[in-house]
Amino acid sequence: MPLFSIVAPFLNERESAERFGAFADKLALEIKSRFGFDLEVVLVDDGSTDDSIERYRAHLNGSWRIIELSRNFGKEVALYAGLAETRGDYVMMIDADLQHPYDVCIQMIDELMADPKLDVVYTIRDDRNEESWRKALAGRFFYWLINFRQRFEVPENAGDFRVMNRAAVDALLRVRDKRRFNKGLYAWAGFRQKGIYYRPDPRLSGVTKWSRLGLIALSVEGIVSFSALPLRIMSIIGVLTGLAGIVYGAHIIFSSLVFGTDVPGYPSLMSAISVLGGFNLALLGLLGEYIWVTIAEVKDRPLYIVRKVHRSDDVS
């Protein structure tokens, strides 16, 4: 019988275990009756420090596996670890906190099954207008920057909540980037994709694991992994600053020779040093980000290390 897999990474989500078990049971019954699929659940413990694994083990039924990573490797890598363990003909990725609505899960599966030409159905958050204007503006600038003159486009506000066929999953597994930015990789891999809008459910338990600094770090990861535009912008600024320096120097020489004007001293010198020094330091920091990505790839360390795999067959 065809197999359908769901992948959900978690980090200290013991409060969500019972609800997730009920969600999986409901989904298993519906996809069996409507599409003829058996369900397997693949959870990835991304370095939890509580008893999340024991709680999930107690509330999961049917075929399931919990991949216990040796430490916290981050959600991007945890999703890869989960995809690598799936065996299904189709795979859905969701969050263990169940902010992804059940009805939208079924809608995505319906959309994918209804059109044999589709390979991926992904979701786009439809509640971003409620964010502050600063955050919204930063988000638009980020997507403009990462999509500028690319051969592919990263959809704005699309996330990991999606359903893919086996071909799309296998393609993602062949991409072995050490510093992973999944939104970019989904778009880079291509395939025929369709987006649907949704509003996430409120979190009923636990707290989000994403901090503001974590989101900024992920954004920087995406930019340096998929765009060389920041380097080009800094190069253009450098050229314009150099030209401005030449023009200003010519003006000083002309004024001194023709009009006998005193050469400006300390203030102009400090301004030039501050501007050029600031640009140089910014460029060095930007180069460091790109070099760090290169170093991570060259080291060729494994993406993750599995401490233990818990299986439904182990439960007596």
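Above this text you will find the structure in question.
Overview of the structure. As the structure is a prediction and not an experimental result, all values here were calculated from the model.

1. Focus on the overall build of the protein
Part 1 of the reasoning: The number of helices and strands found in the protein is ten helices and eight strands.
Part 2 of the reasoning: The buried share of the protein, reckoned over its 316 residues, is 41%.
Part 3 of the reasoning: For the protein, contacts bridging at least 24 residues in sequence account for 81% of all contacts bridging at least 6.
Part 4 of the reasoning: Split by element, the accessible area of the protein, about 17500 Å² in all, is 58% carbon and sulfur.

2. Description of the pattern of salt bridges
Part 1 of the reasoning: The full count for this structure, using the stated rule, is twelve salt bridges.
Part 2 of the reasoning: Here E40 makes a salt bridge to R87, at a shortest N to O gap of 3.1 Å. Placement of E40 in strand β2 (residues 38-45) and of R87 in the loop between α3 (75-85) and β4 (90-93) is noted, with a sequence separation of 47 residues between them.
Part 3 of the reasoning: Of the charged contacts, one joins K75 and D160 as a salt bridge, the two residues approaching to 3.5 Å between their closest N and O atoms. With K75 in helix α3 and D160 in strand β6 (residues 158-165), this pair connects stretches of sequence that are 85 residues apart.
Part 4 of the reasoning: Overall, K75 belongs to the partly exposed group, its relative accessible area being 22%.

3. Describing unusual backbone geometry
Part 1 of the reasoning: The phi dihedral of L98 falls on the positive side, at around 60 degrees, and the residue is not glycine.
Part 2 of the reasoning: For L98, the position within the fold is in the loop between β4 and α4 (102-114).
Part 3 of the reasoning: Phi at F191 takes a positive value of approximately 70 degrees, unusual for a residue other than glycine.
Part 4 of the reasoning: For F191, the position within the fold is in the loop between α7 (182-189) and β7 (193-198).

4. Comments concerning the sheet that holds strand β5 (residues 120-125)
Two pairing modes exist for strands in a sheet, parallel and antiparallel, and in both the strands are linked by backbone hydrogen bonds.
Part 1 of the reasoning: In space, the eight strands of this open sheet follow the order β7-β5-β6-β4-β1-β2-β3-β8, with mixed pairing throughout. Since the sheet does not close on itself, it has two edges, and those belong to β7 and β8 (306-311), each with one partner. Neighbour-to-neighbour, the strand axes of the sheet open up by a mean angle of 20 degrees, direction not taken into account.
Part 2 of the reasoning: Where β4 meets β6, four bridges bridge the pair, whose relative direction is antiparallel. Within the sheet, the bridge partner assigned to M93 lies in β6 and is R162.
Part 3 of the reasoning: Contacts between helix α1 (residues 17-34) and the sheet are confined to β1 (3-10), β2 and β4, with β2 contributing the most and set at about 150 degrees to the helix.

5. Comments concerning the packing of aromatic side chains
Part 1 of the reasoning: Applying the stated rule across the entire model yields nine aromatic pairs.
Part 2 of the reasoning: When the centroid spacing of 5.9 Å and the interplanar angle of 40 degrees are considered together, the rings of F20 and F23 count as tilted. Here F23 and F20 lie together in helix α1, a separation of three residues that amounts to about one turn.
Part 3 of the reasoning: Under the relative-accessibility criterion, F23 is labelled buried at 9%.
Part 4 of the reasoning: Taken together through their ring pairs, the aromatic side chains of F10, F20, F23, Y56 and Y102 make up a single cluster.
Part 5 of the reasoning: The ring centre of Y102 lies 4.3 Å from the NZ or CZ of K26, which sits over that ring.
Part 6 of the reasoning: In this structure, R71 is placed above the aromatic ring of F73, and the distance from its NZ or CZ to the ring centre is 3.9 Å.

6. As for α1
Part 1 of the reasoning: Under the 1.5 Å per step criterion, the end-to-end length of α1 is 26 Å for 18 residues, consistent within 8% with the ideal 26 Å.
Part 2 of the reasoning: Those residues of α1 that sit buried are A17, F20, G21, F23, A24, L27 and I31. For α1, the buried positions fall inside an angular range of 160 degrees around the axis, keeping them on one side. Residues E18, L29 and S33 are exposed on α1 and point more than 90 degrees away from its buried face.
Part 3 of the reasoning: Lining the buried residues of α1 we find β1, β2, α2 (52-59), β4 and α4.
Part 4 of the reasoning: Downstream of α1 by a residue or two, G36 has a phi angle that is positive, lying close to 75 degrees.

7. As for α2
At 3.6 residues per turn, the α-helix brings residues three or four places apart onto the same side.
Part 1 of the reasoning: Taken together, the buried positions of α2 are S52, I53 and Y56. The buried residues of α2 occupy an angular sector of 95 degrees when the element is viewed end-on, so they sit on one face.
Part 2 of the reasoning: Looking at the buried positions of α2, the neighbouring elements they touch are β1, α1, β2, β3 (63-69) and β8.

8. What about the side chain of R65?
Part 1 of the reasoning: With respect to the helices, strands and loops of the structure, R65 is situated in strand β3.
Part 2 of the reasoning: On the basis of relative accessibility, which here comes to 6%, the residue R65 falls in the buried class.
Part 3 of the reasoning: Polar side-chain contacts of R65 include one of 2.2 Å to the backbone oxygen of E85.

9. Some points on the side chain of E76
Part 1 of the reasoning: Note on placement: E76 falls in helix α3.
Part 2 of the reasoning: For the buried E76, which has no salt bridge, the nearest side chain bearing the opposite charge is K75, at an N-O separation of 6.2 Å.
Part 3 of the reasoning: A polar contact of 2.7 Å, which involves the side chain of E76, links it to the backbone nitrogen of N182.

How each quantity is defined
- Residues numbered from 1 in each chain as written.
- Predicted model: local features only at pLDDT ≥ 70, side-chain atom pairs only at ≥ 80, totals over all residues.
- Heavy atoms only, no water.
- Helix = DSSP H or I, 4+ residues; strand = E, 2+ residues; numbered from the N terminus.
- Buried < 20%, exposed > 50% of the residue type's maximum accessible area, 1.4 Å probe, protein only.
- Contact = heavy atoms within 4.5 Å.
- Areas by Shrake-Rupley, 256 points an atom, 1.4 Å probe, with all protein chains shown as cover.
- Salt bridge = Lys/Arg side-chain N within 4 Å of Asp/Glu carboxyl O.
- Pairing = 2+ DSSP bridges.
- Axes fitted to C-alpha atoms, helices over the stretch in contact; angles between N-to-C directions.
- Phe/Tyr/Trp six-rings, centres within 6.5 Å; stacked < 30°, edge-to-face > 60°.
- Lys NZ or Arg CZ within 6 Å of the ring centre and 35° of its normal.
- Expected span 1.5 Å × (residues − 1).
- Arc of directions from axis to C-beta.
- Polar contact = N/O pair within 3.5 Å; in protein donor to acceptor, adjacent residues only side chain to side chain.
- Lys, Arg positive; Asp, Glu negative; His and termini not counted.

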